[in-house]
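# Overview (structure and organization)
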Amino acid sequence: MNIGEVSKATGVPAKTIRYYEEIGLIIPNRDDNGYRRFRDQDLHKLAFLGRARALGFPIVDCRNLMQLYDDSGRSSAEVKAIAQDHLEDIDRKITDLQEMRETLHSLVTACAGDNRPDCPILASLAGGFEPKT
C-alpha cells in the first residue's frame, strides 16, 4: 500500500505518517523508485499509534508502548505504569483547566461589559498594574 492508502485506512494523516517514519516509529519498505511501500504490520503500528495519540499519549510513551506491545515477555505492570502516569498528567491538566475556568468566570462576572473603560479582565491580565498617565 502507498502512503495515501495507508492514511485512508488508518485515519492517520500522511504528514504524520512521514513524521513517524522520520523519528523511527515506523520503517516502511521503499520501492526502487523511492516510494514507500507499507506492509500490514505498518498499518497495525499506525493504527496503534493513532489510538494512543487520540488518548493523548506523548510520542515517547507511544514508542515505549509499541515496544512493550512487541515484547511477548513484557509485564502488564510496565504498561499500566505508563498509562497511570499519563492519567495523572490528564488529572493535573483538568485541575488546572478548572482553576482557569473559575478565575475567568469570576473576571467575566465582575466586568460590567458596558461603555466605561474600567475592566477587571484587563486589570487582572496586567497584574493589577495600571500605567500612570
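Now for a quick tour of the structure. (Residues numbered from 1 in each chain as written. Predicted model: local features only at pLDDT ≥ 70, side-chain atom pairs only at ≥ 80, totals over all residues. Heavy atoms only, no water.)

Attention shifts here to the environment of Leu107. Among the structural elements, Leu107 can be located in helix H5 (residues 76-110). Of the residues examined, Leu107 reaches a relative accessible area of 16% and is grouped as buried. Sequence separation of Leu107 and Leu122 is 15 residues, and the distance between their C-alpha atoms is 9.2 Å. Those residues in contact with Leu107, other than ones at most four positions away along the chain, are Pro120, Ile121 and Ser124. (Helix = DSSP H or I, 4+ residues; strand = E, 2+ residues; numbered from the N terminus. Buried < 20%, exposed > 50% of the residue type's maximum accessible area, 1.4 Å probe, protein only. Contact = heavy atoms within 4.5 Å.)

One turn of an α-helix holds 3.6 residues; hence residues three or four places apart share an orientation. The end-to-end C-alpha separation of helix H4 (residues 59-70) is 16 Å, in line with the 16 Å expected for 12 residues at 1.5 Å each. Every buried residue belonging to H4 is among Ile59, Asp61, Cys62, Leu65, Met66 and Leu68, and all of these are buried. In the core, the buried residues of H4 are packed alongside helix H2 (14-22), helix H3 (40-54) and H5. (Expected span 1.5 Å × (residues − 1).)

Distances and angles like these do not, on their own, reveal function.
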